[in-house]
Amino acid sequence: MNKLDQLITTFDLGLRTVFASPHAGRPYPGAGPEADLSEAEKAQAAALMRVNHVGEICAQALYAGQALTAKNEGVRAELEQAAREETDHLAWCETRINELGGRKSLLNPLWFGGAFGMGVVAGLLGDKWNLGFLAETERQVEAHLDGHLQKLPEADAKSRAVVEQMKVDEAQHAQTAVDHGGAPLPFPVKQAMRFAANVMRQTASRI
């Protein structure tokens, strides 16, 4: 696929990610009876799942940008495989938001554009940094999901099942990136990533 075709495919991905409902390739982890949650608990869980949904919007964009500028075909293939698995997460989060009567973030186009730009830059720095960025992103997402498991209502088994499966997948993606030569990122870069992620979380929980 030449660069023009890749750009067209990426643009199409952006439209589908932001405006269409994705379809998961794996069964929905949250299948099962709904717990008797209060309105406040539903609102809390929906806000947390909205943040997770935004994270998956960003993951699609990051991987698309990284794959577009990756120099090695093997690295590109790994990024594309991770993106396919993240599509499951995107679909699961949207399903759970709908079940809880919540809504997606109104800023999803902005989240996608910003994350795509970061992915392009990571890819341009070279494959070892590209994979290192992927590994660090997944580690931070795994820690973020751990936090959400502490904040979700105890009775909300459906949301918990979704988040727990996402956490397993993120850890696997991080390890795969390291196994393929991902380099540890400098501490200031990790801190900048955490700061950007915190801004996203705080904003997406409200808007």
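Everything here concerns the structure above.
So, how was this worked out
- Counting starts from 1 at the beginning of each chain's written sequence and moves along it residue by residue.
- Where totals are concerned, whole chains, interfaces and linings use all residues; where local detail is concerned, this predicted model gives features only for residues with pLDDT of at least 70, and gives and counts side-chain atom pairs only at 80 or more.
- Excluding hydrogens and water, the side-chain values take into account all heavy atoms of the structure.
- Numbered from the N terminus, helices here are DSSP runs of H or I no shorter than four residues, and strands are runs of E no shorter than two.
- Think of it in three bands: residues with accessible area under 20% of the maximum for their type are buried, residues over 50% are exposed, and the middle band is partly exposed, with areas taken using a 1.4 Å probe on protein chains only.
- Any two residues whose heavy atoms approach within 4.5 Å at even a single point are treated as in contact.
- Using a grid of 1 Å spacing that covers the protein atoms alone, one calls a set of points a cavity when a 1.4 Å probe fits there but cannot get out, and a pocket when the set is open and has protein on both sides within 12 Å along at least five of seven lines; lining residues are those with an atom within 4 Å of a point.
- Grid points are joined across faces, edges and corners, and a volume is the space filled by probe spheres set on the points.
- Under the scheme applied here, ten amino acids are nonpolar (Ala, Val, Leu, Ile, Met, Phe, Trp, Tyr, Cys and Pro), four are charged (Asp, Glu, Lys and Arg), and all others, including Gly, are polar.
- Each axis is a line fitted through C-alpha atoms, and for a helix only the stretch in contact is used; angles between axes span 0 to 180 degrees, taken between their N-to-C directions.
- Note on terminology: angles under 35 degrees are roughly parallel, angles over 145 are roughly antiparallel, angles of 65 to 115 are roughly perpendicular, and the others are oblique.
- Working rule for handedness: look at the near helix, and if it is turned counterclockwise from the far one by less than a right angle, call the crossing left-handed; if clockwise, right-handed.

A. Representation of the environment of Arg-206 in the model. On the secondary structure map, Arg-206 appears in the segment after helix H7 (187-204). Taking relative accessible area as the criterion, Arg-206 reaches 62% and is therefore assigned exposed. Spatially, the C-alpha atom of Arg-206 lies 10.0 Å from that of Leu-48, the residues being 158 residues apart in sequence. Among all residues touching Arg-206, those that are not within four sequence positions of it are Arg-50 and Arg-103.

B. Representation of the layout of surface pockets within the structure. Considered as a void within the structure, the largest pocket measures approximately 630 Å³ in volume. Lining the largest pocket are 32 residues, with Cys-58, Met-193, Ala-196, Ala-197 and Met-200 positioned closest to its centre. Counting residues per element, the ones that place at least two in the lining of the largest pocket are helix H2 (39-69), helix H4 (108-124), helix H5 (127-151), helix H6 (157-179) and H7. Residues of the lining of the largest pocket, tallied by class, amount to 19 nonpolar, seven polar and six charged.

C. Expanded view of the environment of Met-200. Among the secondary structure elements, Met-200 is positioned in helix H7. Residues Met-200 and Glu-80 lie 120 residues apart in sequence; the distance between their C-alpha atoms is 24 Å. The contact partners of Met-200, leaving out residues within four places of it in the chain, are Val-51, Val-54, Gly-55 and Trp-111.

D. Geometry of the packing of H5 against H6. Across the interface, H5 lies against H6 with an axial gap of 8 Å and an inter-helix angle of 160°. Taken together, H5 and H6 sit at an angle that is classed as roughly antiparallel. Relative to H6, the crossing made by H5 is left-handed. Judged by residue contacts, Leu-131, Leu-134, Ala-135, Glu-138, Arg-139, Val-141, Glu-142, Leu-145, Asp-146 and Leu-149 of H5 engage Arg-160, Val-163, Glu-164, Met-166, Lys-167, Glu-170, Ala-171, His-173, Ala-174, Ala-177 and Val-178 from H6. Grouping the constituent residues of the contact of H5 with H6 by class yields 12 nonpolar, one polar and eight charged.

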